[in-house]
Amino acid sequence: SDVITVGELAKRMGVKANDLIRELMSQGNMVTINHPLDYETAAILAAEFNYEVENVGFNEETILNVDKAAVGEDKPEDLEPRPPVVTIMGHVDHGKTSLLDAIRATNVIAGEAGGITQHIGAYDVELDGRKIAFLDTPGHEAFTAMRARGTSVTDIVILVVAADDGVMPQTREAINHAKAAGVPIIVAVNKIDKPGANPEKVKQELTEFELVPEDWGGDTIFVEVSAKEKTNIDGLLEMILLQAEVLDLKANAKKHGCGAIVEARLDKGRGPVATLLVQEGTLRIGDPLVSGAHYGRVRTMTNDRGEQVQEAGPSTPVEVTGLSGVPDAGDTFNALDDEKAAKEVAQHRAQKQREAELAKTSKVSLDQLYARL
Ligand code: GTP
Ligand code: MG
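Residues numbered from 1 in each chain as written. Chains lettered and ligands numbered in written order. Predicted model: local features only at pLDDT ≥ 70, side-chain atom pairs only at ≥ 80, totals over all residues. Heavy atoms only, no water.

1. A few points about the site of ligand 1
Neighbouring ligand 1 are 15 residues, the closest being Lys96, Thr97, Ser98, Asp193 and Ala227. Ser98 places a polar side-chain atom, nitrogen or oxygen, 2.5 Å from an oxygen atom of ligand 1. For ligand 1, an oxygen atom lies 3.0 Å from a polar atom in the side chain of Lys191. Relative to its unbound accessible area of 650 Å², ligand 1 is 68% covered by the protein chains. Residue contributions to the shell around ligand 1 peak at three residues, all from helix H6 (residues 96-105). (Near = heavy atom within 4 Å. Polar contact = N/O pair within 3.5 Å; in protein donor to acceptor, adjacent residues only side chain to side chain. Areas by Shrake-Rupley, 256 points an atom, 1.4 Å probe, with all protein chains shown as cover. Helix = DSSP H or I, 4+ residues; strand = E, 2+ residues; numbered from the N terminus.)

Below, the structure written as structure tokens:
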């Protein structure tokens, strides 16, 4: 339902909040200035002051839709191929981080200024001019959090299984997550350099999960690698690009950027810093932006190589400053034409969060009251 706080209503009516509070008290309602009023209460209250309240409602879809450039229908001719977005998952110590490091190491662009690798939680990798975006999720939590929010950011999951250890609890978990999200799995059998490595056993174990290698008559891609020795890393990238071709991934780069927050934090000097994955459209410096209950303008944009960029197209991870607060991983973001609209959407969401909190608190205190009785 649409609500307004006592303070906001007073402001819009041009009366003192205390006058409204006094009136509400005389009706038996003990409220504070931040108390939310539903439409009916606000209408009755306003009528006391000879005001009429119009319920124009608030629908953020309407606001986001007003911005045709942001969420307009994609014309088929506007859809262009986009790079795949890949998440690496697997059991503890099976080599997720090492594999990502190996991938990055084989991809250091020659003569790159400084060659300093920034940790921004996501990486852009290139093979023969074809790009792949990797999300460096700190674990399954991020993936799960994103899915719980209904955000799907991953096109392909790389399931890392150590050849000397085989299928373990978190391997199973990862398979379940990927399957529930309907994301294809490529198996990277890692640590094949180790004396105890047994890739065939890994393949055998995974058939139980309907992950059957192609040479066994199935349709799952298996790649044997060593992250430590950097063996067959290009082979893995090739397979990712092959799988991406099958998926026929496309996006419209011509509209305003939108996508998901990969991670975010508060930086002492720079304020809120968010790594976001542009999924559709193009995000540019100066764009008004809303993410969760936060808004702002894109002040700076940095890629994973620490370079300042002016714009970021589909499947590009960038680190952005300029938001009013720190959004949660998995939150969506939208660039808009108008900062005022971005602020409105953010404030509406913040209001909804407060209401939810308030509802929780009053329920708790009621429960506590009953417990005491
Ligand atoms: P968590 O983030 O803790 O879940 O681990 P992870 O999956 O990121 O594994 P990580 O990359 O940290 O590797 C764990 C250990 O395995 C480290 O000691 C690595 O050096 C080692 N390791 C990773 N890949 C290989 C490999 O291909 N061969 C060998 N011999 N060791 C490897
Ligand atoms: Mg790790």
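Still to come is the rest of the account.
2. Structural notes on helix H2 (residues 17-26)
For H2, the complete set of buried residues consists of Ala17, Leu20, Ile21 and Leu24. Projection of H2 onto a plane perpendicular to its axis shows the buried side chains occupying an angular sector of 100 degrees, all on one side. For H2, exposure combined with an orientation more than 90 degrees from the buried face picks out Arg22 and Ser26. Structurally, H2 contributes buried residues whose contacts are with helix H1 (6-13), strand E2 (36-38) and helix H3 (39-48). Two residues or fewer past H2, Gly28 is found with a positive phi of approximately 90 degrees. (Buried < 20%, exposed > 50% of the residue type's maximum accessible area, 1.4 Å probe, protein only. Arc of directions from axis to C-beta. Contact = heavy atoms within 4.5 Å.)

3. Remarks on helix H9 (residues 199-207)
Taken together, the buried positions of H9 are Pro199, Val202, Lys203 and Leu206. Down the axis of H9, the buried set is contained in an arc of 100 degrees. They therefore lie on one face. As for H9, its buried residues are in contact with strand E7 (156-162), helix H8 (169-180), strand E8 (185-190) and strand E9 (221-224).

4. Things to note about the environment of Gly196
With respect to the helices, strands and loops of the structure, Gly196 is situated in the loop between E8 and H9. Measuring from C-alpha to C-alpha, the distance between Gly196 and Ala46 comes to 78 Å, with 150 residues separating the pair along the chain.

5. Some remarks on the pairing of strand E14 (residues 288-291)
What you see with E14 is no split at all: Pro288 and Val290 on one side and Leu289 and Ser291 on the other are buried throughout. In the sheet, E14 pairs with strand E15 (residues 294-302) via four bridges, with the strands oriented antiparallel. Each residue of the ladder has a partner; that of Val290, found in E15, is Tyr295. Joining the antiparallel neighbours E14 and E15 is a turn of two residues, in which Gly292 adopts a positive phi near 55 degrees. Two strands pair when backbone bridges link them, and E14 and strand E18 (residues 332-335) are joined in this way by three bridges, in the antiparallel orientation. Within the sheet, the bridge partner assigned to Ser291 lies in E18 and is Phe333. (Pairing = 2+ DSSP bridges.)

6. Details of the pattern of salt bridges
One pass over the full model with this rule turns up 22 salt bridges. Residue Glu8 pairs with Arg12 through a salt bridge whose shortest N-O separation is 3.0 Å. You can see Glu8 and its partner Arg12 sitting in helix H1, four residues apart, about one turn around the helix. Glu8 sits in the partly exposed class, given a relative accessible area of 26%. With its nearest N and O atoms 3.8 Å apart, the salt bridge here joins Glu210 to Lys179. With Glu210 in the loop between H9 and E9 and Lys179 in helix H8, this residue pair connects regions lying 31 residues apart in the sequence. Three or more residues are tied together by salt bridges with common partners; here these are Arg265, Asp267, Arg270 and Glu319. (Salt bridge = Lys/Arg side-chain N within 4 Å of Asp/Glu carboxyl O.)

7. Describing the nonpolar core
Ranked by internal contacts, the top residues of the largest apolar core, which has 27 residues, are Leu99, Ile103, Phe134, Ile158, Leu236 and Ile240. Those elements that provide at least two residues to this core are strand E4 (85-90), H6, strand E5 (122-127), strand E6 (130-135), E7, E8, E9 and helix H10 (233-247). Counting residues per element, this core draws most heavily on H10, at six residues. Discounting chain neighbours no more than four positions away, the residues touching Ile103 are Ile88, Val125, Phe134, Ile233, Leu236 and Leu237. (Core = buried A, V, L, I, M, F, W, Y, C linked by side-chain atoms within 4.5 Å.)

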